[in-house]
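Listed below, chain by chain, are the residues.
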Amino acid sequence: MMASAGSMGTVYRARQEAMGRDVAVKILRSDRALDAMAKARFVREARAMSLLSSQHTVTVFDFGEIPDPSADELSGSEGSLFLAMEMLEGETAFDRLSREGPLPVGQGLWLAHKVLDVLVVAHAYGIIHRDLKPENLHLGSDGRLKVLDFGIARVLSDLPDGTALPAKARTRTGT
């Protein structure tokens, strides 16, 4: 069942039977799969999100490529990139603000504090989010905040274990 679609991928609700839980599976859109820059952004998002262990970021369970069953060795066709992560229940801050108007000052300060908690962790890894907006702040039905969508994050350094991340090129205007 599709949960949502964005400019980079489509998110589906799936069931991880072995663990007895629902998960969100983001799959890179097929029209983006042939674009090397889009693939690099998707990989960068997966790696950035998997580094962040804050309770206010989405937990990543797996990342990889689903083989294309219709591809043969001569076609050169690759599979679809996917990112499996925790399923979130609730709404975005954008949806809440659209429905209820401005937050009370105390809630706004609480929200800002939690976002800053995420940024402290991200910046410690050299990750700059670059797309903070109400649409990328998830307000869970359990009362927790999650910062979403590290798709255009700027990664300023390689991973702490020395693993090099994909090219750190600037995001082009309009992407």
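The shown structure was predicted, so the numbers you read here are calculated from the model rather than taken from an experiment.

J.: Give me the lowdown on the sheet that holds strand β9 (residues 145–147), citing residues and values where you can.
T.: Strand order in the open sheet formed by three strands is β6-β8-β9, and the pairing between neighbours is antiparallel. Both edges of this open sheet fall to β6 (90–92) and β9, since each of them pairs with a single strand only. In this sheet, adjacent strand axes meet at a mean angle of 25 degrees when their direction is disregarded. Here helix α2 (residues 93–100) sits on the sheet and contacts β6 and β8 (137–140); the angle it forms with β6, its principal contact strand, is near 85 degrees. Its contacts with the sheet place helix α3 (residues 105–124) against β8 and β9, and it is angled at close to 45 degrees to β9.

J.: Let's hear about the nonpolar core: which residues, and what values?
T.: Most often, soluble globular proteins keep nonpolar side chains buried together rather than apart. Counting 28 residues, the largest nonpolar core has I127, L137 and F150 as the members making the most contacts within it. Counting only elements with at least two residues in this core, the list comes to β3 (21–28), α1 (36–51), β5 (80–86), α3, β8 and β9. If you tally residues by element for this core, the top one is α1, at six residues.

J.: So what about the confidence of the model for the protein? Which residues, and what values?
T.: Considering every residue of the protein, the mean pLDDT works out to 79; 73% of them sit at 70 or more. Ranking the helices and strands of the protein by mean pLDDT puts α2 first, with 95, and strand β1 (residues 2–5) last, with 58. Low pLDDT, under 50, characterises residues 165–173; the stretch is placed with 22 contacts to residues that sit more than four places away or in other chains.

J.: Residue-level account of the environment of V23, with values.
T.: Structurally, V23 can be placed in strand β3. The exposure class assigned to V23 is buried, which follows from its relative accessible area of 5%. Sequence separation between V23 and M87 is 64 residues, and the spatial gap between their C-alpha atoms is 4.5 Å. Ignoring anything within four residues of it in the chain, the contact list for V23 reads Y12, R13, A14, Q16, F61, M85 and M87.

J.: Report on the pattern of salt bridges, specifying residues and quantitative values.
T.: For the structure shown, the criterion picks out 10 salt bridges. Between R15 and D22 there is a salt bridge, with the nearest N and O atoms lying 3.2 Å from each other. R15 sits in the partly exposed class, given a relative accessible area of 44%. The closest approach of N and O atoms between K133 and D131, which form a salt bridge, is 3.6 Å. Salt bridges sharing common partners tie together R13, R15, D22 and E89.

About the criteria used
Residues numbered from 1 in each chain as written. Predicted model: local features only at pLDDT ≥ 70, side-chain atom pairs only at ≥ 80, totals over all residues. Heavy atoms only, no water. Pairing = 2+ DSSP bridges. Helix = DSSP H or I, 4+ residues; strand = E, 2+ residues; numbered from the N terminus. Axes fitted to C-alpha atoms, helices over the stretch in contact; angles between N-to-C directions. Contact = heavy atoms within 4.5 Å. Core = buried A, V, L, I, M, F, W, Y, C linked by side-chain atoms within 4.5 Å. Buried < 20%, exposed > 50% of the residue type's maximum accessible area, 1.4 Å probe, protein only. pLDDT = per-residue confidence, 0-100. Salt bridge = Lys/Arg side-chain N within 4 Å of Asp/Glu carboxyl O.

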